[in-house]
Amino acid sequence: FTSHRSWDMALRNVGATTCHLKGYPGAGLLDSGARLMPTAVSRSHGPAHTVVLHPWKQGFFSFTFATNGPCTQAVFAYGIQIIPPNAFSGLAWYAGKFGLCGPAPAHVDVSPVMATRPF
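Attention in this report is confined to the structure presented alongside it.

Rules used throughout
- The written sequence of each chain sets the order in which its residues are numbered from 1.
- Reporting of local features is limited, given that this is a predicted model, to residues whose pLDDT is at least 70; pairs of side-chain atoms are given and counted only at 80 or more, and all residues count toward the totals for whole chains, interfaces and linings.
- Excluded from the side-chain calculations are hydrogens and water; all other atoms, namely the structure's heavy atoms, are used.
- A carboxyl oxygen of Asp or Glu within 4 Å of a side-chain nitrogen of Lys or Arg is what we treat as a salt bridge.
- Accessibility here uses a 1.4 Å probe with only protein chains present; expressed as a share of the type maximum, an area under 20% marks a residue as buried, one over 50% as exposed, and anything in between as partly exposed.
- Each helix is a run of DSSP H or I of at least 4 residues and each strand a run of E of at least 2, with the numbering of both proceeding from the N terminus.
- Nitrogen and oxygen atoms within 3.5 Å of one another constitute a polar contact, given that in protein one can donate a hydrogen and the other can accept it, and given that sequence-neighbouring residues count only through two side-chain atoms.
- Pairs of residues are marked as contacts when any of their non-hydrogen atoms sit within 4.5 Å.
- The definition of a nonpolar core used throughout is a set of buried Ala, Val, Leu, Ile, Met, Phe, Trp, Tyr and Cys residues joined through side-chain atoms within 4.5 Å.

**Regarding the pattern of salt bridges**
All told, the structure shown has one salt bridge when counted by the stated rule. Between Arg35 and Asp31 there is a salt bridge, with the nearest N and O atoms lying 3.2 Å from each other. When its relative accessible area of 18% is taken as the criterion, Asp31 is described as buried.

Below, the structure is given as structure tokens:
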């Protein structure tokens, strides 16, 4: 991608029983105080399929955004919150300060959970 960054991420089943994931993870950007920022989320990359996760197995997804390099306006975030499909609580991942293209709300794109690595 020109001026885009894509992070390929994994969700691991750390429970003792098999779980099923279908759909797109929820996603939001976090500010320097770990608070959710206004975020516009697109969901693309084809249809969602059920992914069966046995204990300690992983499901994968991609998180993509335009970087602030070529833009006249930028939004800065420090991490992302990910909520697995059909879950009620999220996980936080801190990336250090990074810039996204455009005015608030920043725009990100999330793929559905997949059984194999997208990379």
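Past the structure itself, the notes keep going.
**What about the side chain of Ser62?**
By the element assignment, Ser62 lies in strand β6 (residues 58-66). Here the side chain of Ser62 touches Asp8 through a polar contact of 2.5 Å, side chain to side chain. What Ser62 contacts, discounting residues up to four positions off in sequence, is Ser6, Trp7, Asp8, Asp109, Val110, Ser111, Met114 and Pro118.

**Remarks on the nonpolar core**
Soluble globular proteins tend to bury their nonpolar side chains together. Counting residues in hydrophobic clusters, the biggest one holds 22 residues, and the most contacted among them are Trp7, Leu29, Phe63, Phe65, Ile80, Phe98 and Leu100. Elements that contribute at least two residues to this core include exactly β1 (4-12), β3 (26-30), β5 (51-53), β6, β7 (74-83), β8 (91-101) and β9 (106-110). The greatest single-element share of this core, amounting to four residues, is contributed by β7. When residues no more than four places from it in sequence are discounted, the contact partners of Ile80 are Trp7, Met9, Gly28, Leu29, Leu30, Phe63, Leu91, Ala92, Trp93 and Phe98.

**A few points about unusual backbone geometry**
Cis geometry marks the peptide bond from Ala104 to Pro105, where omega comes out at 0°. Here the phi dihedral of Ala34 falls at roughly 65°; this positive angle occurs in a residue that is not glycine. Among the structural elements, Ala34 can be located in the loop between β3 and β4 (39-43). What makes Ala34 partly exposed here is its relative accessible area of 38%. The phi angle at Trp56 is positive, at roughly 70°, despite the residue not being glycine. When you line up the elements, Trp56 lands in the loop between β5 and β6.

Interpretation in functional terms is not warranted from these geometric data alone.
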